[in-house]
Amino acid sequence: MQLIRKVLVSFIFVLCGLAAKAETIVVAALGDSLTQGYGLPVQHGFVPQMERWLLAQGANVRLINAGVSGDTTAGGAVRVDWTLTPEVDAMIVALGGNDLLRGLDPEYARLNLGKILKAARAADVEVLLVGLEAPSNYGAAYKRAFDGIYPELAKAFGTLYAPNFFQGFPNGQDLQAARHLMQSDGIHPNTSGVTQIVEGLGPHVLELVAKARD
């Protein structure tokens, strides 16, 4: 009888171990039109392509598309509590492009992104913060202030950090040099462009998934 009990206990531990390994990590992608997949069939957008790439790497994940076209960092700060449902284990934060397009004060973006990261920390959700750089036409002071937001917040909150949403492009944020990867508006990537973005950001998201699983 004691031998049977030991066998049963061992079997239970094995099942628990398998269940833990099989646990699906849920990742919410909080962003704007780049995350949402503007101008593309649903299956060709950033979130579906990233999910397929992660699954192909052997990661057991499910991605939630929390991208809203036209959203600023302020919109993300308003939506973050709705995004951080109990099922969410990790979050990609890719916001700020529309703040730049409107020329908003960099400190405004810093404040909003800080609110998002505080909400994630309170929910015990791991974050990958995706940065971007301001164009030089806003002036050196603006560019310096904006460019510093993402690495500084990532360091302050201990989040993972990817310097550039377009880092998978041959010339990074030089979108003019990658017109073949962009839609006709010159702002949003086409299907091939999204594929390049996913390949560039994918390793960062894999690291996020691993961190969320620990």
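Here the structure is shown first, and the text comes after it.
Residues numbered from 1 in each chain as written. Predicted model: local features only at pLDDT ≥ 70, side-chain atom pairs only at ≥ 80, totals over all residues. Heavy atoms only, no water.

### Let's talk about helix α4 (residues 73-83)
Threshold: Working definition: with a 1.4 Å probe on protein chains only, accessible area under 20% of the residue-type maximum means buried, over 50% means exposed, and in between means partly exposed. Secondary structure elements are taken from DSSP: a helix is a run of H or I of four residues or more, a strand is a run of E of two residues or more, and numbering for both begins at the N terminus. Only heavy atoms matter for contacts: two residues are in contact if any of them lie within 4.5 Å across the pair.
Here α4 lies mainly inside the structure; eight of its eleven residues are buried. In this structure, the buried side of α4 is in contact with β1 (25-31), β2 (61-67), β3 (90-94), α5 (97-101) and α6 (106-122).

### Section: the packing of aromatic side chains
What counts, and what does not: Stacked, edge-to-face and tilted labels apply to pairs of Phe, Tyr and Trp rings (six-membered ring for Trp) whose centres lie within 6.5 Å, assigned for plane angles under 30 degrees, over 60, and everything in between, in that order.
Scanning the entire structure with this criterion turns up six aromatic pairs. Consider the rings of Y142 and F146, whose centres lie 6.2 Å apart with planes at 10 degrees: the pair is stacked. A residue pair is termed a helical-turn pair when its members lie 3 or 4 positions apart in one helix, as Y142 and F146 do in helix α7 (residues 140-147) at four residues. Each ring, one from F146 and one from Y150, has its centre 5.9 Å from the other, and the planes form 55 degrees; the classification is tilted. On the basis of relative accessibility, which here comes to 0%, the residue F146 falls in the buried class. Grouped by ring-pair contacts, the aromatic residues F46, F165, F166 and F169 constitute a single cluster.

### Some remarks on the environment of G70
With respect to the helices and strands, G70 occurs in the loop between β2 and α4. Separated by 28 residues in the primary sequence, G70 and N98 have C-alpha atoms spaced 6.4 Å apart. G70 has contacts with S33, N98 and R102, leaving out every residue within four places of it along the chain.

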